[in-house]
Amino acid sequence: MDEATASGLRIAVLVKHVPDAQFDRHISGDDLTTVRSESILSELDEYALEAALQLVEAHGGAAAGHRVTAITMGPAAAVNAVKKSLQIGADDGVHLTDDALTGSDASATSRALAALLQHAGPFDLVLTGMASTDGETSLVPAQLAERLDLPQVTFAASLELTPGDGGWTLAARRDSDTYAETIEAPLPALVSVTDQINDPRYPNFKGIMAAKKKQIQVLSLQDIGLQADEVGFAGSWTTVEAAAPRPPRSQGIVITDEGDAGIRLVDFLAGQKLL
Amino acid sequence: MTSVLVFLDHPAASLAKSERELLSLAASLGDVVVALADEAGQAYLDGIGSYGVQRYYRPDDAAVSDVLVAGKAAFLAEAVRASGAGIVLLGNSYESKEIAARSGVKLDSGVITDVVALDGDLTATKSDFAGSYTVHCRVTTGVAILTVKPNSVEAVEAGPPSSPEAVRVAVELPRAAARITGRVEKPVSGRPELTEARVIVAGGRGVDGDFGPLEDLADALGGAVGASRAATDAGWIEHSAQIGQTGKTVSPQLYISVGISGAIQQKAGMQTSKVIVAVNKDADSPIFEIADFGIVGDLTTVLPQATEEIRKRGL
Ligand SMILES: Cc1cc2nc3c(=O)[nH]c(=O)nc-3n(C[C@H](O)[C@H](O)[C@H](O)COP(=O)(O)OP(=O)(O)OC[C@H]3O[C@@H](n4cnc5c(N)ncnc54)[C@H](O)[C@@H]3O)c2cc1C
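Treat the numbers as computed from the prediction; the structure is a model and nothing was measured.

Focus on helix 1 (residues 17-27) of chain B
When we look at burial in helix 1 of chain B, the residues that qualify are Glu19(B), Glu21(B), Leu22(B), Leu23(B), Ser24(B), Leu25(B) and Ala26(B). Considering only its buried residues, helix 1 of chain B is in contact with strand 1 (3-8), strand 2 (31-36), helix 2 (42-49), strand 4 (87-90), strand 6 (117-118) and strand 9 (144-148) of chain B.

Given below as structure tokens:
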């Protein structure tokens, strides 16, 4: 099939507003949720956004009817992740926000995102980062794929799409400890990508200006057909009972090599019973 | 008594250390049964049997392993139903976490990953924010599905080998799934697995292309070799050796950081190590802020001297 006759791709990129890892990150005392001041677009989601933009560009871009939508859920400030995505090159954005979402674990988050994607879609491809840089569970992409009954490719280190008679097919490569795998799946599908897949671009002046004109749809739980008790603390299947900062590591001994540092290292290891 | 189902993926010739740890933890919690996604040899099955396992579950369709994750998750959910297990334990690889994630949705059950300790009432301990918080959490709904990090529990001595009996469960494969079309096995190094190693020697950009001195030291210490992203990006060592936020999280007894500056994303993967040693020629490198023993010096002289000294002492 000729590329021009393949239908326009709709790609959803899930983007998260997360505490900046460059600063100390905190869990708040009262409800044991993450403190979200000093937050940024998760660096790992930038690779997913870049992958979406490259896929679309490889197949004719917006002119061919393709569209990249940046999607987030979270409090008012979370929209900043969508705004940054629009500056980088996404075409439009969706922000699900509702007080009831506070405290959602992976199961509740994936329930909300599944309903959100169904409402805002249909999408041919859902792209995510390999993990959020705050929760770090990497459960959400797999649970979303399960809830939406989509083929799932996680930790993709490369990604290509090919149009065909029966629709688009994706090909990906990924590396585990024991294997290097090649994978194929029909669209629609869900793919999470690693930081090996590309080098994310930065927003430029033109992109920042263009973003001002792009649409961000703001939705509530009611809009996507969910009840308050299906998400947040009430809709979660796990609970955090206590969280305590680990005492910071203190600096130990630092020596400067005067020709015997290797021997002094062995003395240290022997003293620690590490040999 | 609660029945505890242990999911074991990719069985090798015999039980791996982390698998023995999982079976030991399970035995401390209740009656143990096993779900085996792939074909296993007799020695492996006898090994499972030596942990008191009398039954193991197998999918009735070998194709569960040809599709990514979804097939194994469907199989695990069926094995949980068939066994009536109240607790499910898996390893902590990315694939195991995803199998846990998807079967959690199928079973309406909560999932907790990266567990390092579990007490009798199933309160799980894990660390968050790259090791800067210790968190206690629990599954509140459904079967408790937990993925447990290697080296978190002591593997107890197994009993005499015995053959558990296989129970086949019917698995409905997903309608649309990603298929594995090619698989190339990676060469094995002969050194311990990074996530299981007691000692790790990790190198960064400062290694400047030559991991030889690090490999020699690792071999003298019986350790594994890891790397920073700068070193894996440069192609000096395999990507699977990367430690950090987007690589592996490790917490060995001893972590020797060589020619690594100690960026936040690198520290994220190693700061829960018991003892940290750093060798770096720049005294201002942030790695020295967390090192128990720091050496300001050139790795090309410090490492060979240390390796030679270890060998000389016959250690
Ligand atoms: C989203 C994201 C995820 C990332 N994930 C990871 C991750 O998982 N893991 C990771 O490691 N990084 C990760 N990084 C990269 C990280 O930010 C750093 O860039 C990286 O860790 C730097 O590697 P390095 O310390 O080896 O190199 P550098 O920072 O260049 O440090 C090299 C060090 O070697 C020392 N040196 C040089 N020559 C010698 C010598 N002869 N003897 C002794 N010392 C010498 C130098 O003094 C210097 O301190 C990530 C970055 C991003 C943005």
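Things to note about the site of the ligand
The ligand sits among 28 residues. The nearest are Arg205(B), Ser228(B), Gln242(B), Ser261(B) and Asn280(B). With respect to the ligand, the chains having nearby residues are chains A and B. At a separation of 2.9 Å, an oxygen atom of the ligand approaches a polar backbone atom of Gly259(B). One of the side-chain N or O atoms of Asn280(B) is found 2.7 Å from an oxygen atom in the ligand. Compared with its free state, where it exposes 990 Å², the ligand has 82% of that area covered by protein. Secondary-structure elements contributing two or more residues to the shell around the ligand are helix 1 (43-58) of chain A together with helix 6 (229-233) and helix 7 (264-267) of chain B. Its residues assigned to classes, the shell around the ligand shows six nonpolar, 15 polar and seven charged.

So, the interface of chain B and chain A
It is common to give the size of an interface as the accessible area lost on bringing the parts into contact. Between chain B and chain A, the contact holds 88 residues from the first and 79 residues from the second. Counting across the chain B and chain A interface gives nine salt bridges. The interface formed by chain B and chain A includes 36 residue pairs in polar contact (both at pLDDT 80 or more). Here the side of chain B that touches chain A gets nine residues from one element, more than from any other, and that element is helix 4 (residues 94-106) of chain B. Its residues assigned to classes, the side of chain B that touches chain A shows 34 nonpolar, 29 polar and 25 charged. Bridging between strand 13 (residues 238-245) of chain A and strand 8 (residues 133-139) of chain B involves seven bridges; their strand directions are antiparallel. What sits directly across from Ala243(A), in strand 8 of chain B, is Val135(B).

Observations regarding the confidence of the model for chain A
Averaged over all residues, the pLDDT of chain A is 89; the fraction at 70 or higher stands at 89%. Between residues 1-5 of chain A, whose pLDDT stays under 50, and residues either more than four places distant or in other chains, the model counts six contacts.

Cut-offs used in this document
Residues numbered from 1 in each chain as written. Chains lettered and ligands numbered in written order. Predicted model: local features only at pLDDT ≥ 70, side-chain atom pairs only at ≥ 80, totals over all residues. Heavy atoms only, no water. Buried < 20%, exposed > 50% of the residue type's maximum accessible area, 1.4 Å probe, protein only. Helix = DSSP H or I, 4+ residues; strand = E, 2+ residues; numbered from the N terminus. Contact = heavy atoms within 4.5 Å. Near = heavy atom within 4 Å. Polar contact = N/O pair within 3.5 Å; in protein donor to acceptor, adjacent residues only side chain to side chain. Areas by Shrake-Rupley, 256 points an atom, 1.4 Å probe, with all protein chains shown as cover. Nonpolar A, V, L, I, M, F, W, Y, C, P; charged D, E, K, R; others polar. Salt bridge = Lys/Arg side-chain N within 4 Å of Asp/Glu carboxyl O. Pairing = 2+ DSSP bridges. pLDDT = per-residue confidence, 0-100.

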